[in-house]
Amino acid sequence: MARRLRRFTHGEGAGESGLGRLIELHAVNSAGDMLITVALASTIFFSVPTGEARGRVALYLLVTMAPFALLAPVIGPLLDRVPHGRRAAMAASMLARALLALALSGAVGTGGLELYPAALAVLVSSKAYGVVRSAVVPRLLPPTFSLVKANSRVTLAGLVATGAAAPLGAVLHQLGAALPLYGAFAVFALGMFLSFSLNGRVDSAKGERKARLAPARPRTARDHGRATGSEFGSGTGQRGRDGTGYGNGKRPGLRAVSPSVSSALVANSALRGLSGFLTFFLAFLLRDQPLTGLSGAFSLGLVAVAAGGGNALGTAIGAWLRARGPEVIIAVVLAGALGAAVAAAVLYGTVTAAVVAAAAGISQALGKLSLDALIQRDVPEEVRTSAFARSETLMQMSWVVGGGLGISLPLVAPLGMATGAVVIAAGAVFSVRGLLRAARGGAPHPRVA
């Protein structure tokens, strides 16, 4: 099995380029995060009655996610200022979470308020790792890989590691409340050493600039003559004086690069919001009102497996569809998620609950991979890695907003599924027209592996 895993992580030139080691590091990172999640969920969610659990989870979101929402947009720019120390930054993130896991081990038994600041620090450290990883991937691309394919393989490795760590964490928790956290300490300690084994190219920042989420200055007719669609996708065409295609010398805004990127950001925000909403709403609903003929724990497990399987399937499909029009893919997954949510609202039951969870997983994975493809195609290379960090911050904030909505609603299944449908419908209204118009406009496709 070890040899097979090695072939997966190091195949097709990934070992020679250094991408294979990043894939393995991300698997370690995902496993450690899952062990901490199991420990916190057992303390905050499973150890108390449903009514009290809703209050604890709401408090968790308020105390950890609210400051995180303020800190997350700052993390990317701060890390952009130290582009030559990415291996050290990733190792520092691992070390911080290893020490925080030990700190949390003394608080999970009592469920005291002291665990919330530590949980916030874990979230910030995890976000810092994610930002650096987004910047590292383009530096380690094998000659035969597109950025979408590389991201797909890294994500899939993380999903596999998460699926393996979840039952391990549950077993450890049965033996002792703090044992999953001790396991997380060991995993993150390993990740710290693996961070320094990455290829030295990850510390190179040659040619990079920072991106903004704010729109750039509208281009004049003079600017338009120098910036064509092809220059963003292939590197050809006439550039502006600063090499970005924008003649004003300013950083291009992420939303202003192309209508496709702007619409894809809106669509993916809706998909990520649906994921956060379903995570919390179904967790409380199925604990209080299990699916017909099933226990609460089995109902939660069924939906979790459906969501995780959908995410993995969407990631695998994304690698196969990487050469297709990403705008059309996003529009299709929005329609699929909307249809599943409407069906669950009208005919809520065991099958539809599993279907909507799987549809959310598939849609989120395909939507994110397609957004990556659009950023790869339309964002100038000089700011592309920074753009990935900004888009991921927006996705995480959307998940938090959806999760807060899921906690606040009454535990009425049709109402919850209808609310999820409204979230997706709103995203579709503000994005599908722009996506399809861009697709019909014949924008260049992303680079094919």
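Residue positions are counted from 1 within each chain, in the order its sequence is given. Only residues with pLDDT of at least 70 are given local features in this predicted model, and only at 80 or more are side-chain atom pairs given and counted; all residues enter the totals for whole chains, interfaces and linings. The basis for every side-chain value is the complete set of heavy atoms in the structure, and neither hydrogens nor water enter the calculation.

Asks: If you had to explain the layout of surface pockets to someone new, which residues and values would you point to?
Replies: Throughout, the protein atoms alone are placed on a 1 Å grid, and a set of points is a cavity if a 1.4 Å probe fits but cannot get out or a pocket if it is open with protein on both sides within 12 Å along at least five of seven lines; lining residues have an atom within 4 Å of a point. Grid points are joined across faces, edges and corners, and a volume is the space filled by probe spheres set on the points. Size it by volume and the second largest pocket reaches roughly 440 Å³. In terms of lining, the second largest pocket is formed by 20 residues, of which the most central are Leu5, Ala27, Ala157, Val160 and Ala161. Under the scheme used here, helices are H or I runs from DSSP no shorter than 4 residues and strands are E runs no shorter than 2 residues, and both carry numbers assigned from the N terminus. When contributions to the lining of the second largest pocket are tallied by element, the ones reaching two or more residues are helix H1 (2-10), helix H3 (19-46), helix H7 (147-175) and helix H8 (179-195). For the lining of the second largest pocket, the element with the most residues is H7, which contributes seven residues. Looking at the lining of the second largest pocket, its residues break down into 17 nonpolar, one polar and two charged. Throughout, the ten residues Ala, Val, Leu, Ile, Met, Phe, Trp, Tyr, Cys and Pro are labelled nonpolar, Asp, Glu, Lys and Arg are labelled charged, and all others, Gly among them, are labelled polar.

Asks: Let's hear about helix H11 (residues 259-288): which residues, and what values?
Replies: Given the number of residues in a helix, its expected span is that number minus one, multiplied by 1.5 Å. Here H11 contains 30 residues, and its C-alpha end-to-end distance of 44 Å stays within 8% of the 44 Å for a straight helix at 1.5 Å per residue. In terms of burial, H11 is largely enclosed, as 24 of its 30 residues are buried. Here the term buried applies to any residue with accessible area under 20% of the maximum for its type, exposed to any over 50%, and partly exposed to those in between, with areas from a 1.4 Å probe on protein chains only.

Asks: Describe the side chain of Ser195, and please don't skip the residues or the numbers.
Replies: Counting through the fold element by element, Ser195 comes out in helix H8. On the basis of relative accessible area, Ser195 is assigned to the buried category, the value being 0%. Nitrogen and oxygen atoms within 3.5 Å of one another constitute a polar contact, given that in protein one can donate a hydrogen and the other can accept it, and given that sequence-neighbouring residues count only through two side-chain atoms. At 2.8 Å, the side chain of Ser195 and the backbone oxygen of Gly191 are in polar contact.

Asks: Give a detailed account of a nonpolar patch on the surface, specifying residues and quantitative values.
Replies: Residues enter patches when they are more than 30% accessible in relative terms and free of salt bridges; like-charged ones are connected within 9 Å and nonpolar ones (Val, Leu, Ile, Met, Phe, Trp, Tyr) within 5 Å. Here, Shrake-Rupley sampling with a 1.4 Å probe gives the accessible areas, and only protein chains in the shown set may cover a residue. We define a salt bridge as a contact between a side-chain nitrogen of Lys or Arg and a carboxyl oxygen of Asp or Glu at a distance within 4 Å. On the surface, Leu95, Leu99, Leu102, Val171, Leu175, Leu179, Tyr182 and Phe185 cluster together into a nonpolar patch covering about 700 Å² of accessible area. Contributions of two or more residues to the nonpolar patch are made by helix H5 (86-105), H7 and H8. Tracing the backbone through its elements, the reader meets Tyr182 in helix H8.

Asks: Tell me about the packing of aromatic side chains, and please be specific about residues and values.
Replies: Stacked, edge-to-face and tilted labels apply to pairs of Phe, Tyr and Trp rings (six-membered ring for Trp) whose centres lie within 6.5 Å, assigned for plane angles under 30 degrees, over 60, and everything in between, in that order. As enumerated under the stated definition, the model contains two aromatic pairs in all. Between Phe277 and Phe281, the aromatic rings sit 5.4 Å apart at their centres with planes inclined by 10 degrees, giving stacked as the arrangement. Taken together, the residues span about one helical turn, with Phe277 and Phe281 both in helix H11 at a distance of four residues.

Asks: Describe the pattern of salt bridges, listing the residues and the values that go with them.
Replies: Oppositely charged side chains may form a pair once their charged atoms are brought near each other. One pass over the full model with this rule turns up one salt bridge. In this structure, Arg97 engages Asp33 in a salt bridge whose closest nitrogen and oxygen atoms are separated by 3.0 Å. Taken as a pair, Arg97 in helix H5 and Asp33 in helix H3 lie far apart in primary sequence, 64 residues in all. Taking relative accessible area as the criterion, Arg97 reaches 0% and is therefore assigned buried. Accessibility expressed as a relative area gives 18% for Asp33, which makes it buried.

Asks: Residue-level account of the packing of helix H13 (residues 326-346) against helix H14 (residues 350-378), with values.
Replies: Contact geometry for H13 and H14: axes closest at 9 Å, N-to-C directions at 165 degrees. What the angle tells us is that H13 and H14 run roughly antiparallel. The element H13 and its partner H14 pack so that their crossing is left-handed. Between H13 and H14, the residues in contact are Pro326, Glu327, Ile329, Ile330, Val333, Ala337, Ala340, Ala341, Ala343 and Ala344 and Thr352, Val355, Val356, Ala359, Ser363, Leu366, Gly367, Ser370, Leu371, Ala373, Leu374 and Arg377, respectively. The class makeup of the residues in the contact of H13 with H14 is 16 nonpolar, four polar and two charged. Axis geometry follows a simple rule: fit a line to the C-alpha atoms, using only the stretch in contact for helices, then measure angles between N-to-C directions, giving values from 0 to 180 degrees. Any angle that is under 35 degrees is reported as roughly parallel, and any over 145 degrees as roughly antiparallel; angles of 65 to 115 degrees are reported as roughly perpendicular and all others as oblique. Each crossing gets its handedness from the near helix: less than a right angle anticlockwise from the far helix is left-handed, clockwise is right-handed. Note on definitions: a residue-residue contact is assigned when non-hydrogen atoms from the two residues lie within 4.5 Å.

Asks: Give me the nonpolar core: which residues, what numbers.
Replies: Of all hydrophobic cores here, the largest spans 54 residues; its most connected members are Leu278, Phe281, Leu282, Leu334 and Met417. Take this core: its biggest share by element is 16 residues, from H11. Filtering out sequence-adjacent residues up to four positions away, Phe281 remains in contact with Gly406, Leu409, Pro410, Leu411, Val412, Ala413, Gly416 and Met417. To define a nonpolar core, start from buried Ala, Val, Leu, Ile, Met, Phe, Trp, Tyr and Cys residues and group those joined through side-chain atoms within 4.5 Å. Core analysis: the second largest hydrophobic core is formed by 46 residues, Leu104, Tyr116, Val122 and Phe188 among them.

Asks: Help me get a handle on the packing of H11 against helix H17 (residues 432-440), residues and values and all.
Replies: Where H11 meets H17, the axes come as close as 8 Å, and the angle between the chain directions of the two elements is 145 degrees. Here H11 and H17 pass one another in a crossing that is left-handed. Listed contacts from H17 to Ser260, Ser263, Ala264 and Ala267 of H11 are Gly434, Leu435 and Ala438. For the contact of H11 with H17, the per-class residue count stands at four nonpolar, three polar and no charged.

Asks: Could you give me a rundown of the confidence of the model for the protein, with the residues and numbers involved?
Replies: The score called pLDDT rates the predictor's confidence residue by residue, from a low of 0 to a high of 100. The pLDDT averaged across the protein works out to 76; a share of 71% of its residues lies at or above 70. When pLDDT is averaged over each element of the protein, helix H16 (residues 413-429) comes out on top at 93 and helix H10 (residues 229-234) at the bottom at 33. A low-confidence stretch, residues 213-249 stays under pLDDT 50, and its non-local contacts, those more than four residues away or across chains, total 66 contacts. Confidence drops under a pLDDT of 50 for residues 443-449, and excluding neighbours within four residues, the segment shows 25 contacts in the predicted structure.

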